[in-house]
Amino acid sequence: MATDNLPSLDNLTNLLITSADLGSVKEAEFVRSIRSDKVKMLVSDNQISCVMLAPEVYNALREAAERVVKASTAAQ
């Protein structure tokens, strides 16, 4: 199932980054961390301002949205 590779949101602390964190990390490390954690959320002014997803998470969300649209269309 596509959801097997989705991240667990039990501990959001590992998924949050700040602008300072973003500026201090090398691009390759940042990309590896997204692939490892599956999701990263950029926090600005104590609010999530951006969400970065690993490709498999993005694809799972897209597939779920397509299924919802198909089910909605079939129900009409």
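Below: a short report on this structure. This structure is a prediction, so every number in the text was calculated from the model and none was measured.

A closer look at the sheet that holds strand E3 (residues 47-53)
The strand order across the open sheet formed by three strands is E1-E2-E3, and the pairing between neighbours is mixed. Edge strands, defined here as strands with exactly one partner in the open sheet, are strand E1 (16-18) and E3. The sheet shows a mean angle of 35 degrees between the axes of neighbouring strands, taken without regard to direction. Sheet topology note: the E1/strand E2 (residues 39-44) ladder contains three bridges and is parallel. Residue pairing in the sheet places Thr 18 in a bridge with Val 43 of E2. Across the sheet, helix H2 (residues 27-37) lies against E1, E2 and E3, angled at about 120 degrees from E2, the strand it touches most.

Here's the deal with a nonpolar patch on the surface
Together, Leu 16, Ile 48, Val 51, Leu 53, Tyr 58 and Leu 61 make up a nonpolar patch on the protein surface, roughly 530 Å² of accessible area in all. The element best represented in the nonpolar patch is E3, accounting for three residues. Tracing the backbone through its elements, the reader meets Leu 16 in strand E1. Taking relative accessible area as the criterion, Leu 16 reaches 35% and is therefore assigned partly exposed.

Some words on the nonpolar core
Ranked by size, the top nonpolar core spans ten residues in total: Leu 15, Ile 17, Phe 30, Ile 34, Val 39, Met 41, Leu 42, Met 52, Ala 54 and Val 57. Elements supplying a minimum of two residues to this core: H2 and E2. Sorting elements by how many residues they give to this core places E2 first, with three residues.

The rules behind these values
Each chain carries its own residue numbering, running from 1 in the written order of its sequence. Note on the predicted model: pLDDT of at least 70 is required for a residue's local features to be given, and 80 or more for side-chain atom pairs to be given and counted; whole-chain, interface and lining totals, by contrast, use all residues. Neither water nor hydrogens contribute to the side-chain values; these are computed over all heavy atoms in the structure. At least two bridges found by DSSP between two strands are what make those strands a pair. Segments assigned H or I by DSSP are reported as helices when at least four residues long, segments assigned E as strands when at least two residues long, and all are numbered from the N terminus. Angles shown run from 0 to 180 degrees and are taken between the N-to-C directions of axes, each axis being a line fitted to C-alpha atoms and, for helices, limited to the stretch in contact. Two residues qualify as a contact provided that any one of their heavy atoms is within 4.5 Å of a heavy atom in the partner residue. Like charges are joined within 9 Å and nonpolar side chains (Val, Leu, Ile, Met, Phe, Trp, Tyr) within 5 Å, but only among residues with over 30% relative accessible area and no salt bridge; these make up the patches. The accessible surface values rely on the Shrake-Rupley method and a 1.4 Å probe; as for residues, cover is taken only from the protein chains in view. Put simply, a salt bridge is a Lys or Arg side-chain nitrogen that is within 4 Å of an Asp or Glu carboxyl oxygen. Exposure categories follow from relative accessible area, calculated using a 1.4 Å probe and restricted to protein chains: below 20% of the type maximum is buried, above 50% is exposed, and the middle band is partly exposed. Among the buried residues, those of types Ala, Val, Leu, Ile, Met, Phe, Trp, Tyr and Cys that are joined through side-chain atoms within 4.5 Å form a nonpolar core.

Don't take any of this as a statement about function, it's just geometry.
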